[in-house]
Amino acid sequence: MHKRKGKWLMENKWFTISVYSENNVGLLNRISGIFLKRHINIESLNVSKSEIDDVSKFTIVVNTTEKWVHNIVGQIEKQIEVIKAFYHTDDETIYQESALFKIASGLLFDERQIQNIIKDNNAQIVTVSRDFFVIAKSGRRSEVDEMYDQLKPYGIMQFVRSGRISVTKDVMQISAILKEF
């Protein structure tokens, strides 16, 4: 629990919720319904294989109060397929997002600044064709947003960003919990 001197912190903060579950049809719909009922927007969602065989990991990012995130995690854990759910602040996790930018090919050669933007942002060109090229950027949301803002004046043909992926700084006790079952 993240209570401070017996009281919940009531200001909105970014939280990453990690949900370990069996991979069953319909669970995502029920989890999203928990947020919908409370009028809390899911800012980012990623579902992937976890470090445990046959267990999926949902990574959900929300901006809400600690009391609300605590209640939401409790509701998520009531779902029969859910093994365990946790929540963490940004300071307690290491996280990244990935983005792809599709840009007109002529700009790569005609606008020297484009090459500088790619280099300065530690981004990579992943493909080049006659009509377009694609840049990949991984980093924190603010870093991806900054690169977007730098490229926007030149024209972005397409843009897509992944959901957050994260690991906690502290040891997750999920493996020990699973040994109990």
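Rules behind the numbers
- In this numbering scheme, every chain counts its residues from 1 along its sequence in written order.
- With pLDDT at 70 or above as the cut-off, local features in this predicted model cover only qualifying residues; side-chain atom pairs require 80 or more to be listed or tallied, and sums for whole chains, interfaces and linings still use all residues.
- Only hydrogens and water are removed before side-chain values are computed, so all heavy atoms of the structure are retained for them.
- Helix and strand labels come from DSSP, where a helix needs a run of H or I of at least four residues and a strand needs a run of E of at least two; each type is numbered from the N terminus.
- Relative accessibility thresholds used throughout: buried, under 20% of the residue-type maximum; exposed, over 50%; partly exposed, between the two (1.4 Å probe, protein chains only).
- By definition, residues are in contact when any of their heavy atoms lie within 4.5 Å.
- Here the accessible surface of atoms and residues is derived via Shrake-Rupley with a 1.4 Å probe, and residues count as covered only by protein chains that are part of the display.
- Charge convention: Lys and Arg are scored as positive, Asp and Glu as negative, and His as well as the terminal groups of each chain are ignored.
- Just so you know, the charge point we use is NZ for Lys, CZ for Arg, CG for Asp and CD for Glu.
- UniProt positions are given in the numbering used here, feature names are shortened, and annotations may be inferred rather than shown by experiment.
- Residues belong to one nonpolar core when they are buried, are Ala, Val, Leu, Ile, Met, Phe, Trp, Tyr or Cys, and are joined through side-chain atoms within 4.5 Å.

K.L.:
Now, about the overall build of the chain: what can you tell me, with residues and values included?
P.N.:
Regarding its fold elements, the chain presents 6 helices and 9 strands. With the principal axes as the frame, the chain shows a C-alpha extent of 60 × 40 × 30 Å. Taking all 181 residues of the chain together, the buried fraction comes to 40%. Partitioning the intrachain contacts of the chain with sequence separation of at least 6 by distance along the chain shows that 75% fall at a separation of at least 24. Total accessible area on the chain stands at roughly 10,900 Å², and carbon and sulfur atoms take up 49% of it. Treating the 25 positive side-chain charges of the chain as one cloud and the 23 negative ones as another, the clouds have centres 4 Å apart.

K.L.:
A description of the environment of glutamine 113 should follow, citing residues and the corresponding values.
P.N.:
Mapped onto the elements of the fold, glutamine 113 is located in helix α4 (residues 112–120). With 41 residues separating them along the chain, glutamine 113 and tyrosine 154 place their C-alpha atoms 9.6 Å apart.

K.L.:
Before we move on, could you go through the UniProt feature "domain: ACT" (unreviewed entry) in the chain and cite the residues and values that matter?
P.N.:
The positions that UniProt labels "domain: ACT" (unreviewed entry) are, in the present scheme, residues 16–96. Helix and strand shares over residues 16–96 are 28% and 43% respectively, and the end C-alpha atoms of the span are 12 Å apart.

K.L.:
Tell me about the nonpolar core, and name the residues and values.
P.N.:
Counting 18 residues, the largest nonpolar core has Ile17, Val19, Ile31, Phe35, Ile60, Val62 and Ile76 as the members making the most contacts within it. Every element with two or more residues in this core is listed here: β1 (13–21), α1 (27–37), β3 (56–64), α2 (66–77) and β4 (82–89). Once residues lying within four places of it in the same chain are set aside, the contact partners of valine 62 are Lys13, Trp14, Phe15, Ile17, Phe35, Ile40, Asn41, Ile42, Glu43 and Val69. By size, the runner-up hydrophobic cluster in this structure holds 14 residues, among which are Ala99, Leu107, Leu108 and Phe133.

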